[in-house]
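Results of the structural survey
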Amino acid sequence: MLLGIIGLVATSGGSDDTTGTRTPASIAAETPEKSEAPSKAKPAPAAPVKITAKKTAFSKSILADGSNYTSVLVTVANNSSKEIDVNPLYFTITDANGTKHTAELAADEKQIDTVKLAPGENISGTITGKGAFTAKYVTYTDGIFGDSVRADVS
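This one's a predicted model, so the numbers in the text were calculated from it and none came from an experiment. (Residues numbered from 1 in each chain as written. Predicted model: local features only at pLDDT ≥ 70, side-chain atom pairs only at ≥ 80, totals over all residues. Heavy atoms only, no water.)

**Looking at the environment of Phe 91**
On the secondary structure map, Phe 91 appears in strand S4 (residues 91-95). With 36 residues separating them in the primary sequence, Phe 91 and Ile 127 have C-alpha atoms 7.2 Å apart. (Helix = DSSP H or I, 4+ residues; strand = E, 2+ residues; numbered from the N terminus.)

Structure (structure tokens):
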């Protein structure tokens, strides 16, 4: 700030009196004041992909090998301006011990479908892991190399 004032004095050549000197008061009068009004913060944009996850009962399909599975009901919402892919293979379930479980395909009758979601669309279905465990959170990755989104299981 001080360098800006010195630069202003050197380039403007203005003075308050006949000696050519400038006073701090005259410099302050030339400097525009900043508005004291608080800036209005813009709301954060919605995440491009939002998922929610809830505990749900396992609904055994005819392809399930036994009944030792854990299912989580997930909803995927596309808040982006682009189409996204949803596939059960894009999900993992992490249990309370930190162990990651991949999706067991076709084990649960209510498995989430493989679809393309247009902007504004959503879909719900289950993601199922092998074994009995307490699901802590679900992670969705948009495609193989896409961004990951995590939701706690409620």
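What follows picks up the thread again.
**Focus on unusual backbone geometry**
Excluding glycine, most residues fall at negative phi; most peptide bonds, likewise, are trans. At Ala 106, a residue that is not glycine, the phi angle is positive and equals roughly 60 degrees. When you line up the elements, Ala 106 lands in the loop between strand S5 (100-102) and strand S6 (115-117). Residue classification places Ala 106 among the partly exposed positions, given a relative accessible area of 27%. (Buried < 20%, exposed > 50% of the residue type's maximum accessible area, 1.4 Å probe, protein only.)

**Details of the side chain of Asn 87**
With respect to the element layout, Asn 87 can be found in the loop between strand S3 (84-86) and S4. Accessibility expressed as a relative area gives 16% for Asn 87, which makes it buried. Within the structure, the side chain of Asn 87 is placed 2.9 Å from the backbone nitrogen of Leu 89, a separation counted as a polar contact. (Polar contact = N/O pair within 3.5 Å; in protein donor to acceptor, adjacent residues only side chain to side chain.)

**Notes on the pattern of salt bridges**
Using the criterion set out here, one finds one salt bridge in the structure. Of the charged contacts, one joins Asp 85 and Lys 116 as a salt bridge, the two residues approaching to 2.8 Å between their closest N and O atoms. Placement of the pair is Asp 85 in strand S3 and Lys 116 in strand S6, with a sequence separation of 31 residues. Residue Asp 85 is classed as partly exposed on the basis of its relative accessible area, which comes to 29%. (Salt bridge = Lys/Arg side-chain N within 4 Å of Asp/Glu carboxyl O.)

**Brief notes about the sheet that holds strand S8 (residues 135-141)**
On the basis of which strands lie adjacent, the open sheet formed by four strands has the order S5-S4-S8-S9 and antiparallel pairing. What marks the edges here is a single partner per strand, and that holds for S5 and strand S9 (148-152). Strand-to-strand twist of the sheet, defined as the mean angle between neighbouring strand axes without regard to direction, takes the value 25 degrees. Pairing geometry for S4 and S8, over five bridges, is antiparallel. Bridge pairing in S8 links Ile 93 to Val 138. (Pairing = 2+ DSSP bridges. Axes fitted to C-alpha atoms, helices over the stretch in contact; angles between N-to-C directions.)

**Topic: the side chain of Asp 108**
Residue position: Asp 108 is located in the loop between S5 and S6. The side chain of Asp 108 is buried and forms no salt bridge, while Lys 110, the nearest opposite charge, is found at 6.3 Å. Within the local environment of Asp 108, its side chain forms a polar contact with the backbone nitrogen of Ser 59, the two atoms lying 3.2 Å apart. Discounting residues that sit within four places of it in the chain, Asp 108 has contacts with Ala 57, Phe 58, Ser 59, Ser 61, Ser 71, Thr 126 and Thr 128. (Lys, Arg positive; Asp, Glu negative; His and termini not counted. Contact = heavy atoms within 4.5 Å.)

**Description of the packing of aromatic side chains**
A full pass over the atoms with the stated rule returns two aromatic pairs. Centre to centre, the rings of Phe 58 and Tyr 69 are 4.9 Å apart; their planes meet at 25 degrees, and the pair counts as stacked. Residue Phe 58 is found in the loop between strand S1 (49-56) and strand S2 (69-78), and its partner Tyr 69 is found in strand S2; the two are separated by 11 residues along the sequence. Across the pair, Tyr 69 and Phe 58 agree in class, each one buried. Note on Phe 91 and Tyr 140: the rings are 5.2 Å apart at their centroids and 45 degrees apart in plane angle, and the pair reads as tilted. Of this pair, Phe 91 sits in strand S4 while Tyr 140 sits in strand S8, and the two are 49 residues apart along the sequence. Like Tyr 140, Phe 91 is buried. One Lys or Arg, Arg 150, reaches over the ring of Tyr 137 and ends 3.8 Å from the middle of that ring. (Phe/Tyr/Trp six-rings, centres within 6.5 Å; stacked < 30°, edge-to-face > 60°. Lys NZ or Arg CZ within 6 Å of the ring centre and 35° of its normal.)

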